[in-house]
Amino acid sequence: MAFPEYSEFVIIGAGIHGLSTAWRIAERLQEKGEEVAGRIVVLDKAGIASGASGIACGVVRNNYFQPAMRNLMAHSVSVWESDPEAFSYHPVGYMQISCERMHDDVAQIHQQQQAIGYESDFIEGADASTRYMRAFFDDWRAQGITSVLHEKRGGYANNTKSIYGLARKAEALGVRIITGTEVKALVSDNGAPAVRAVETNRGTLRCEQLIIGAGPWVRDFWDMLGLPAQITVKGTDGEVREGVEMWRFWQLEEGVLQVDPDMLLTSDGKVPPVIHVDTDAPLISDVDGSVITEDMWGIYYKPDWHFGGVQGGAAPYRIDKMAGEVAVDPYGPDSPEFVSSAEFAHMWVSALAHCHKRFEGTMPRYHREPSGGIGCFTPDSFPVFDRFNENVSVIADSNHGYKMLGVGRLVADEVMGEEQDLLKPFRFERFKKGELHPTSNSPFPWS
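Residues numbered from 1 in each chain as written. Predicted model: local features only at pLDDT ≥ 70, side-chain atom pairs only at ≥ 80, totals over all residues. Heavy atoms only, no water.

Asks: Looking at this structure, how should I read the nonpolar core?
Replies: Generally speaking, a soluble globular protein has its nonpolar side chains buried in company with each other. In terms of nonpolar packing, the biggest core is built from 51 residues, with L19, I25, I40 and W80 touching the most fellow members. Broken down by secondary-structure element, the contributors of at least two residues to this core are β1 (6–12), α1 (16–31), β2 (40–43), α3 (67–82), α6 (159–172) and α9 (407–415). Counting residues per element, this core draws most heavily on α3, at eight residues. I40 has contacts with S7, F9, I11, A22, I25, A26, L29, V175 and R176, leaving out every residue within four places of it along the chain. If you look at the next biggest cluster of nonpolar residues, it comprises 42 residues, including V198, I212, W222 and V328. (Core = buried A, V, L, I, M, F, W, Y, C linked by side-chain atoms within 4.5 Å. Buried < 20%, exposed > 50% of the residue type's maximum accessible area, 1.4 Å probe, protein only. Helix = DSSP H or I, 4+ residues; strand = E, 2+ residues; numbered from the N terminus. Contact = heavy atoms within 4.5 Å.)

Asks: Honestly, the state of the cysteines in this entry has me stumped. Any pointers?
Replies: Evaluated as defined, the whole model comprises zero disulfides. Cysteine C355 remains unbridged, with the sulfur of C99 as its closest cysteine sulfur at 12 Å. (Disulfide = S-S within 2.5 Å.)

Asks: Quick question: what am I supposed to make of the pattern of salt bridges here?
Replies: Between side chains of opposite charge, a pair can form when the charged atoms approach closely. Across all of its chains, the model carries 32 salt bridges by this definition. D329 is the partner of K45 in a salt bridge, and the nearest nitrogen-oxygen pair spans 2.5 Å. Here the residue K45 occupies a position in the loop between β2 and α2 (52–55), and D329 occupies one in the loop between β20 (309–318) and α8 (342–355), the gap between them amounting to 284 residues. The partly exposed category is assigned to K45, whose relative accessible area is 36%. According to the relative accessible area criterion, D329 is partly exposed, its value standing at 38%. The partner of K184 in a salt bridge is E182, with the nearest N and O atoms 3.6 Å apart. Residues joined in a network through salt bridges with shared partners are R24, E27, R28, E31, R409, D413 and E418. (Salt bridge = Lys/Arg side-chain N within 4 Å of Asp/Glu carboxyl O.)

Asks: Would you mind showing me how to read the side chain of D386 here?
Replies: Looking at the element boundaries, D386 is found in strand β22 (residues 384–388). This buried residue, D386, is left without a salt bridge; R427 holds the nearest opposite charge, at 4.4 Å. Among the polar contacts made by the side chain of D386, one reaches the main-chain amide nitrogen of F428 at a distance of 2.9 Å. If we ignore the near neighbours within four places in the chain, the residues touching D386 are V392, S393, V394, R427, F428 and E429. (Lys, Arg positive; Asp, Glu negative; His and termini not counted. Polar contact = N/O pair within 3.5 Å; in protein donor to acceptor, adjacent residues only side chain to side chain.)

Asks: How do you make sense of the packing of aromatic side chains when you look at a structure like this?
Replies: The geometry of an aromatic ring pair is captured by two quantities: the separation of the ring centres and the angle between the planes. Applying the stated criterion across every chain, the model contains 16 aromatic pairs. Centroid distance W348 to Y366: 6.3 Å. Interplanar angle 75°. Geometry classified as edge-to-face. Here W348 is found in helix α8, whereas its partner Y366 is found in the loop between α8 and β21 (373–377), with 18 residues between them in sequence. A centroid spacing of 5.8 Å and a plane angle of 65° characterise the contact between F388 and F428, whose relative ring orientation is edge-to-face. In this pair, F388 is assigned in strand β22 and F428 in the loop between α9 and α10 (430–433), connecting sequence segments 40 residues apart. Judged by relative accessible area, which is 9%, F388 ranks as buried. Linked through ring pairs, W23, W80, F87, Y89 and Y402 together constitute an aromatic cluster. (Phe/Tyr/Trp six-rings, centres within 6.5 Å; stacked < 30°, edge-to-face > 60°.)

Asks: Please clarify how α8 should be interpreted in this entry.
Replies: The α-helix advances 3.6 residues per turn, and as a result positions three or four apart in sequence lie on the same side. For α8, with 14 residues, the first-to-last C-alpha span of 20 Å sits near the 20 Å given by 1.5 Å per residue. Counting buried positions over the 14 residues of α8 gives eleven, a clear majority of the element. (Expected span 1.5 Å × (residues − 1).)

Asks: I tried to follow the sheet that holds strand β16 (residues 274–279) on my own but got confused; where do I start?
Replies: Consider a sheet: its strands pair through backbone hydrogen bonds, and that pairing is either parallel or antiparallel. With mixed pairing, the eight strands of this open sheet are ordered in space as β6-β7-β5-β16-β19-β20-β15-β21. In the strand order of this sheet, the two ends are held by β6 (120–124) and β21, each with one partner. Here the strands of the sheet are splayed against their neighbours by 20° on average, with no regard to which way each runs. Two elements, strand β15 (residues 248–257) and β20, share seven bridges in a ladder whose sense is antiparallel. Paired with V256 across the bridge in β20 is Q311. (Pairing = 2+ DSSP bridges. Axes fitted to C-alpha atoms, helices over the stretch in contact; angles between N-to-C directions.)

Asks: Could you clarify how one ought to interpret the packing of α1 against α6 in this entry?
Replies: Packed helix pairs are characterised by how far apart their axes lie and by the angle those axes make with each other. Closest axis-to-axis distance for the α1/α6 pair is 8 Å, and the angle between their directions is 25°. The pairing of α1 with α6 is recorded here as roughly parallel in orientation. Relative to α6, α1 is oriented so that their crossing is left-handed. Across the interface between the two elements, I16, L19, S20 and W23 from α1 touch I163, L166, A167, K169 and A170 from α6. Split into classes, the residues belonging to the contact of α1 with α6 amount to seven nonpolar, one polar and one charged. (Parallel < 35°, antiparallel > 145°, perpendicular 65-115°, else oblique. Left-handed = near helix turned anticlockwise from the far one by under 90°. Nonpolar A, V, L, I, M, F, W, Y, C, P; charged D, E, K, R; others polar.)

Asks: How do you make sense of the pairing of β20 when you look at a structure like this?
Replies: Side-chain positions along a regular strand alternate between the two faces of the sheet. The buried fraction of β20 amounts to seven of the ten residues, a majority that puts the element mostly inside the structure. Note that strand β19 (residues 297–304) and β20 share six bridges and pair antiparallel. Looking at β20, one finds that Y301 is bridged to G312.

Any functional reading would require information that these geometric values do not contain.
Right, here's the structure in full:
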């Protein structure tokens, strides 16, 4: 098919956000009895699921200390549950297993989950927590654990399968997805702020509405829109800081232990919830008995037949470069610079052995091929969902993206003229107004 010259809605990014937005806009047009074909185009410079969505570990959870994030994720979990087969979604639940330093934070999460009707159980105390975990795993032995928050909903999805499921839903309604198309510039008419066309390596495409769901490439589109690289941030303490970098990149640490996924089944042979452990107990090497860290550490993991083993990760680390100096491409495992390290493998497998006796001596089974990627974070590490330049919707997910299947639907409804309460806490103006999201005691920047 020829490259189009015009489409009413142009969406950049064929990942979780771009495709879910396209799907919902198409639904809205159909609900009004209008034709979809030719009106919605999704562009991606590589292919469907070729960016962050395609390498995501796939965890779907509501475990957030921030009320706005909990509400948003409850909505997204409902979307995942709406068609588990199409989204390759496994609703096995999620466990946040924590040390005493996080007790109050997690207790608050549980209370507020109950308030919004999100089912979870909260187990308190070291002995009670150990008993609870050993009911699932008879070799459970993690130290320093004083609480378990067990979310009965949530779980994980298979990354590429779910994104292709989204693509099929969108295309079935008349959305056109054009891959191998790199956006080079955004064009405005006569000096007006609205973007009226996107220039690509295949031609210029005019539009009425532009939606940007580009994951870690959001920095580049932010620059194309002429938006500020440094901003003013008012802290929760009232202190105003000038010249704060809008973007910062973190290296994501994830990998796979190449064992039979059945190795992590529960004692009664069932697929367990996704496991997340945060503890301040010393982490001892399962390789040589050395002390890896005496600081607080955290890991997450799950049996995953899609990845072919036990898959998970640990807390990321901040990339010590200005955002403009970070090379996003080549992305993920193809990067010569930003892939998970041998130190991560040592730490993560030792942490698995800290939690379960069954993982003792499994370091040789760690998958040695490159893995991981980078995430583009905002100043408070939470998303920005907002409108700019009159007709541009920006989905800057701050690396929370894959699990947020419902965001695209909300953004689409706003594009169609209906402001969404769930998105209001994530407006760009919160930084200047001092309406930042609260932070927890977790070692992860996104919790």
